[in-house]
Amino acid sequence: MATIHLKQTTTATPEQFVAGLTDFGPGRSKLFGNSADEYLKVHDQGPGQADVTEGSRGVWERLHYDWSDPNRVVMTTTDSNVWGGGSGWTYTLTRQPNRTTDVEVVVVREGKNLKGRVIGILAGTIGKRTLEKGLGKTVKAIEARNDGASAAELN
């Protein structure tokens, strides 16, 4: 099992970041490169939670999203073609006095078959850089999305 810890700082507020994480509409792949629109299916969604299948390039997982805590989003894998056990993602958002937000992500990958075990090993070693780049792109996309909204509000 691979456990990967990532951290970034963003100018987005925790509320803006959670709004990006939980926007399951078209174009989600612009925020999350590993969430291709053709894999995206929202099975259920309610206040503070959702049941969503997403993925890309032959790897998919069904996740239960819980954002009932405004500073934490927990995504638990409930089904997948490669991930099992305690797999999932946890985003913890900490507002800073300088009007930034620290984003800490813990990714747990437990392969349920050979493909999953191999991807999990790679994710825990060389894949961490890929996940860090992906988080950086997500942070920039959420910031750009919110900068655009802020500019529109001024006009």
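In this report, we go over the structure that sits alongside the text. Everything quoted here is computed from the prediction, not taken from an experiment. (Residues numbered from 1 in each chain as written. Predicted model: local features only at pLDDT ≥ 70, side-chain atom pairs only at ≥ 80, totals over all residues. Heavy atoms only, no water.)

Considerations on the overall build of the protein chain
For the protein chain, the helix and strand inventory stands at four helices and seven strands. Starting at the N terminus, the α and β elements of the protein chain follow one another as β-α-α-β-β-β-β-β-β-α-α. For the protein chain, the C-alpha radius of gyration of 15 Å lies close to 15 Å, the compact-globule estimate for 155 residues. Referenced to the eigenvectors of the C-alpha coordinate spread, the extents of the protein chain come out at roughly 55 × 30 × 25 Å. Looking at the protein chain residue by residue over its 155 residues, the buried ones come to 43%. Nonlocal contacts in the protein chain, meaning residues at least 24 apart in sequence, comprise 46% of its contacts between residues at least 6 apart. Per element, the accessible surface of the protein chain, about 8500 Å² overall, is 53% carbon and sulfur. For the protein chain, the distance from the average position of its 19 positive side-chain charges to the average position of its 18 negative side-chain charges is 7 Å. (Helix = DSSP H or I, 4+ residues; strand = E, 2+ residues; numbered from the N terminus. Rg over C-alpha atoms; globule rule 2.2 N^0.38 Å. Buried < 20%, exposed > 50% of the residue type's maximum accessible area, 1.4 Å probe, protein only. Contact = heavy atoms within 4.5 Å. Areas by Shrake-Rupley, 256 points an atom, 1.4 Å probe, with all protein chains shown as cover. Lys, Arg positive; Asp, Glu negative; His and termini not counted. Charge placed at Lys NZ, Arg CZ, Asp CG, Glu CD.)

Quick notes on the nonpolar core
One finds F17, Y65, V73, W89, Y91 and V105 to be the most contacted residues of the largest nonpolar core, which totals 30 residues. Looking at this core, the elements with two or more residues in it are β1 (2-10), α1 (14-21), β3 (49-56), β4 (59-66), β5 (72-80), β6 (88-95), β7 (101-109) and α4 (127-154). Counting residues per element, this core draws most heavily on α4, at five residues. The contact partners of V73, leaving out residues within four places of it in the chain, are V18, L21, Y65, D66, W67, W89, T90 and Y91. (Core = buried A, V, L, I, M, F, W, Y, C linked by side-chain atoms within 4.5 Å.)

A few points about the sheet that holds strand β2 (residues 41-46)
Spatially, the seven strands line up as an open sheet ordered β1-β7-β6-β5-β4-β3-β2, and their pairing is antiparallel. Every other strand in the sheet has two partners, leaving β1 and β2 as the edge strands with one partner each. On average, adjacent strands in this sheet sit at an angle of 20 degrees to one another, irrespective of strand direction. Where β1 lies against β7, nine bridges are found, and the strand directions are antiparallel. By the bridge assignment for β7, I4 is matched with V107. (Pairing = 2+ DSSP bridges. Axes fitted to C-alpha atoms, helices over the stretch in contact; angles between N-to-C directions.)

Some points on the pairing of β6
Relative to β6, β5 runs antiparallel, the two being bridged by five bridges. In the sheet register, V73 faces β6, and the bridge partner there is Y91. One ladder, built from eight bridges, connects β6 with β7; its direction is antiparallel. Residue pairing in the sheet places R95 in a bridge with T101 of β7. With antiparallel pairing between neighbouring strands as the criterion, β6 and β7 make up a hairpin whose turn holds five residues, including R99 at a positive phi of roughly 70 degrees.

Notes on the side chain of T77
Inspection of the secondary structure puts T77 in strand β5. Looking at T77, its side chain comes within polar contact range of the side chain of E61, at 2.6 Å. Residues in contact with T77, not counting those within four places in the same chain, are E61, R62, L63, W83, S87, G88 and R109. (Polar contact = N/O pair within 3.5 Å; in protein donor to acceptor, adjacent residues only side chain to side chain.)

Considerations on the pairing of β3
A large share of β3 lies buried, amounting to seven of its eight residues. By the bridge criterion, five bridges tie β2 to β3 in an arrangement that is antiparallel. By the bridge assignment for β3, D44 is matched with D51. Counted along the chain from β2 to the antiparallel partner β3, the turn is two residues long, and its residue G48 has a positive phi close to 75 degrees. Across eight bridges, the pairing between β3 and β4 is antiparallel. The residue bridging G55 from the neighbouring strand is W60, located in β4. Counting the residues in the hairpin turn of β3 and β4 gives two residues, including R57, whose phi is positive at 45 degrees.

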